[in-house]
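Single-letter residue listing:
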Amino acid sequence: MSRAAPGVRAPRETIVITGANRGIGLALAAELARAGKRVIGACRAPARARELAALEGEVDVRELDVVDEPSVVRFAASLADDAVDVLVCNAGVGGGSHQALTDMDYRAWRETFEVNTIAPFRLATALLPNLRRSPRPRIVALSSQMASLQRKSGGAYAYRSSKAALNKVMQVLSVDLEREGIVVCPVHPGWVRTDMGGAGAELSADASAQGLHALIESLGPEHSGRFWTWDGKEHPW
Ligand code: NAP
């Protein structure tokens, strides 16, 4: 980890968060902006992202649809030569209401892979020039315990398979980027009360964001290519 000399203020870190307009992404944007980070909050519809735009601190709201290649190219170009210290691939979908043994929506399954699996890779590679400008670059992808091969439970085929594949993508990326010192980790954020997690979930979005913040601060090369939980425990693959 690079540290500023005594009396010299460390440069403010820049964090890109996708899907920052609601849910865990919004709570994490609030948490990190409050902590003095420069947050680039990416979302599909900036004009409607009023809560994100109203957050305290340095929050820059930018348009990004993670599955739309031209949108990714425009977003990356908007960063120009800025260093990105942390990329949080948070945008995700739950796979819809037809992903059961006898009721499968195959189009929704493919779309779930587009958002949850392919888009984080596309964005991470698009932002590599910016990550390379950071003294301590990290890529964190929001995965799920529902992807773990150690957990045996039924249903949610689209969601589980898309996040299991995301885990593998992030592990491979961690190997490919190891020599450059770019840390890559999939993270389970807890079961969180959001539109996706539902009202009965265990954790508030703020509590999850606080844990994710501490985890992001702690990540070093020794943590790369491993699966973590929001509260800093290693998750079995
Ligand atoms: P959420 O409340 O449903 O929010 C999802 C976010 O993703 C929204 O901002 C949404 O934007 C964005 N998004 C979806 N498709 C997008 C696209 N094509 N381009 C850009 N943004 C897109 O979900 P959440 O609960 O906050 O979950 C955040 C992440 O944590 C997800 O990856 C999820 O799988 C993961 N996770 C959540 C839980 C949980 O309990 N909540 C548990 C494990 C993992 P729009 O507003 O434009 O739709």
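This one's a predicted model, so the numbers in the text were calculated from it and none came from an experiment.

Undergrad: What is the right way to read the site of the ligand from this model?
TA: In the neighbourhood of the ligand, 29 residues make up the surrounding shell, with N21, R22, Y159, V192 and T194 lying closest. G19 is positioned with one of its backbone polar atoms (N or O) 3.2 Å from an oxygen atom of the ligand. Between the ligand and the protein, one listed contact pairs an oxygen atom with a backbone N or O atom of N90 at 2.8 Å. Counting residues per element, the ones that place at least two in the shell around the ligand are α1 (23-34) and α6 (157-176). Residue composition of the shell around the ligand, grouped by class: 13 nonpolar, eleven polar and five charged.

Undergrad: When you look at the environment of A83 in this model, what are you seeing that I'm missing?
TA: Tracing the sequence through the fold places A83 in the loop between α3 (69-79) and β4 (86-89). Distance in space between the C-alpha atoms of A83 and T229 is 26 Å, their sequence separation being 146 residues.

Undergrad: Sorry, what's going on with a negative patch on the surface here?
TA: A contiguous patch of negative charge, built from D103, D105, E111 and E114, is present on the exposed surface. Position of D103 among the secondary structure elements: in strand β6 (residues 103-104).

Undergrad: Looking at this structure, how should I read the packing of aromatic side chains?
TA: Aromatic ring pairs are reported here in terms of the distance separating the ring centres and the angle at which the planes meet. Tallied over the entire structure, the rule returns two aromatic pairs. Ring plane angle 25° and centroid distance 5.6 Å describe the contact between F227 and W237, whose orientation is recorded as stacked. Highlighted residues: F227 in the loop between α7 (205-218) and β9 (228-229) and W237 in the segment after β9, separated in sequence by ten residues.

Undergrad: Sorry, what's going on with the nonpolar core here?
TA: What tends to happen in soluble globular proteins is that the nonpolar side chains get buried as a cluster. One finds I17, L28, L52 and V88 to be the most contacted residues of the largest nonpolar core, which totals 33 residues. A per-element tally of this core places α1 first, with eight residues. Ignoring anything within four residues of it in the chain, the contact list for V88 reads I15, V16, I17, T18, L28, V140, L142 and I216. Within the second largest apolar cluster, 27 residues are counted, among which are A76, V115, L166 and L173.

About the thresholds
Residues numbered from 1 in each chain as written. Predicted model: local features only at pLDDT ≥ 70, side-chain atom pairs only at ≥ 80, totals over all residues. Heavy atoms only, no water. Near = heavy atom within 4 Å. Polar contact = N/O pair within 3.5 Å; in protein donor to acceptor, adjacent residues only side chain to side chain. Helix = DSSP H or I, 4+ residues; strand = E, 2+ residues; numbered from the N terminus. Nonpolar A, V, L, I, M, F, W, Y, C, P; charged D, E, K, R; others polar. Patch = residues over 30% accessible without salt bridge, like charges linked within 9 Å, V, L, I, M, F, W, Y side chains within 5 Å. Areas by Shrake-Rupley, 256 points an atom, 1.4 Å probe, with all protein chains shown as cover. Salt bridge = Lys/Arg side-chain N within 4 Å of Asp/Glu carboxyl O. Lys, Arg positive; Asp, Glu negative; His and termini not counted. Charge placed at Lys NZ, Arg CZ, Asp CG, Glu CD. Phe/Tyr/Trp six-rings, centres within 6.5 Å; stacked < 30°, edge-to-face > 60°. Core = buried A, V, L, I, M, F, W, Y, C linked by side-chain atoms within 4.5 Å. Buried < 20%, exposed > 50% of the residue type's maximum accessible area, 1.4 Å probe, protein only. Contact = heavy atoms within 4.5 Å.

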